[in-house]
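Chain by chain, the residues:
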Amino acid sequence: MSFKSQRVAMVRDQIKSRGIKNADVVRAMLKVERDKFLPQTLVSCAYSDYPLPISCGQTISQPFMVGLMSECLKIVKNNSVLEIGTGSGYQTALLREMTDEVYTVERYPQLLERAENVLESLGYDDIHFKLGDGTLGWDEFAPYDRIIVTASAPSIPRSLFQQLKEEGRLIIPVGGKYHQELKIVVKKGMVSEEDDICGCVFVPLIGKEGWEE
Ligand code: SAM
């Protein structure tokens, strides 16, 4: 089966059939070539229903989890979106398909460089990349309409909440090192309205306002 046919099957069987309906998310997942973001040895598994290893001991999340987080963000065109944990760059590409303004932070130079090269080779040439500790956000371009954290934190990093706009949405896995709750946080003044979406397992968010190395 061609990668395109596998992508169509992935969206049908893993995304839409599990309740993800947002038209922008579906369109983006049909378009973005997930196989381009994986190490050569794993491209044949690119459309499988599980997370996969990239390098530096990190992972590209399961397609369903990527779709679910994208849907929960409720991105509106022209929203500014900050992603913490660029990883392979796959989620970054989906975000850029949904809005014009995307900022992404990764702590491993090797991952950031590879993601930047892949994204540029696919024509995504206006994404903003930063190497550093994403638990501190990216103050220079704050506040953001949406923030997505693709690694798990012991609690919601204060800096990220501060860098969210009023009524802005933050999605983040929060909990222990081996099991977490996916949370959606909406900023209402100085307080947050929080909802638990589902249980999940993510690699740790390591940094000043996350886990210790
Ligand atoms: N969204 C990615 C994708 O589509 O491939 C998957 C990301 S992976 C599950 C989590 C990423 O968060 C890893 O690349 C990891 O290095 C990164 N990470 C962990 N702690 C971080 C921090 N403090 N700042 C930035 N990135 C961090």
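Here the structure is a predicted model, which is why all the values come from computation and not from measurement.

Asker: Looking at this structure, how should I read the overall build of the protein?
Answerer: Helix and strand counts for the protein stand at six helices and nine strands. For the protein, the C-alpha radius of gyration of 16 Å lies close to 17 Å, the compact-globule estimate for 213 residues. Taken along its principal axes, the extent of the C-alpha atoms in the protein is 50 × 35 × 35 Å. With 213 residues in all, the protein has 53% of them scored as buried. At a minimum sequence separation of 6, the contacts of the protein that also span at least 24 residues come to 55%. When the accessible surface of the protein is totalled, it reaches about 9700 Å², and 51% of it is carbon and sulfur. Each charge class in the protein was averaged separately, 25 positive and 30 negative side chains, and the resulting centres sit 5 Å apart.

Asker: Can you help me understand empty space enclosed by the protein in this one?
Answerer: A water-sized probe rolled over the atoms picks out the places where empty space is left. Counted by the stated rule, this structure contains one cavity of 30 Å³ or more. The calculated volume of the largest cavity comes to roughly 400 Å³. The wall of the largest cavity is formed by 32 residues, among which Gly85, Thr86, Gly87, Glu106 and Thr150 lie closest to the centre. Taken together, the elements giving at least two residues each to the lining of the largest cavity come down to strand S2 (59–60), helix H3 (63–73), strand S3 (80–84), helix H4 (90–98) and strand S4 (101–106). Ranked by residue count, the leading element in the lining of the largest cavity is H3, at three residues. Among the residues forming the lining of the largest cavity, the class breakdown is 16 nonpolar, 12 polar and four charged.

Asker: I would appreciate a short explanation of the packing of aromatic side chains in the present structure.
Answerer: The geometry of two aromatic rings is summed up by the distance between their centres and the angle between their planes. Applying the stated criterion across every chain, the model contains six aromatic pairs. For the ring pair tyrosine 103 and tyrosine 144, a centre distance of 5.5 Å and an interplane angle of 65 degrees mean the geometry is edge-to-face. Taken as a pair, tyrosine 103 in strand S4 and tyrosine 144 in strand S6 (residues 144–149) lie far apart in primary sequence, 41 residues in all. On the basis of relative accessible area, tyrosine 144 is assigned to the buried category, the value being 0%. Among the aromatic residues, those joined into a cluster by ring pairs are Tyr103, Trp138, Phe141 and Tyr144. When the ring centre of phenylalanine 64 is taken as origin, the NZ or CZ atom of arginine 18, which lies over that ring, is 5.5 Å away. Above the ring of phenylalanine 161, the side-chain terminus of lysine 187 is found at 5.0 Å from the ring centroid.

How each quantity is defined
Residues numbered from 1 in each chain as written. Predicted model: local features only at pLDDT ≥ 70, side-chain atom pairs only at ≥ 80, totals over all residues. Heavy atoms only, no water. Helix = DSSP H or I, 4+ residues; strand = E, 2+ residues; numbered from the N terminus. Rg over C-alpha atoms; globule rule 2.2 N^0.38 Å. Buried < 20%, exposed > 50% of the residue type's maximum accessible area, 1.4 Å probe, protein only. Contact = heavy atoms within 4.5 Å. Areas by Shrake-Rupley, 256 points an atom, 1.4 Å probe, with all protein chains shown as cover. Lys, Arg positive; Asp, Glu negative; His and termini not counted. Charge placed at Lys NZ, Arg CZ, Asp CG, Glu CD. 1 Å grid on protein atoms, 1.4 Å probe; cavity = no way out; pocket = protein on both sides within 12 Å on 5 of 7 lines; lining within 4 Å. Points joined across faces, edges and corners; volume = space filled by probe spheres on them. Nonpolar A, V, L, I, M, F, W, Y, C, P; charged D, E, K, R; others polar. Phe/Tyr/Trp six-rings, centres within 6.5 Å; stacked < 30°, edge-to-face > 60°. Lys NZ or Arg CZ within 6 Å of the ring centre and 35° of its normal.

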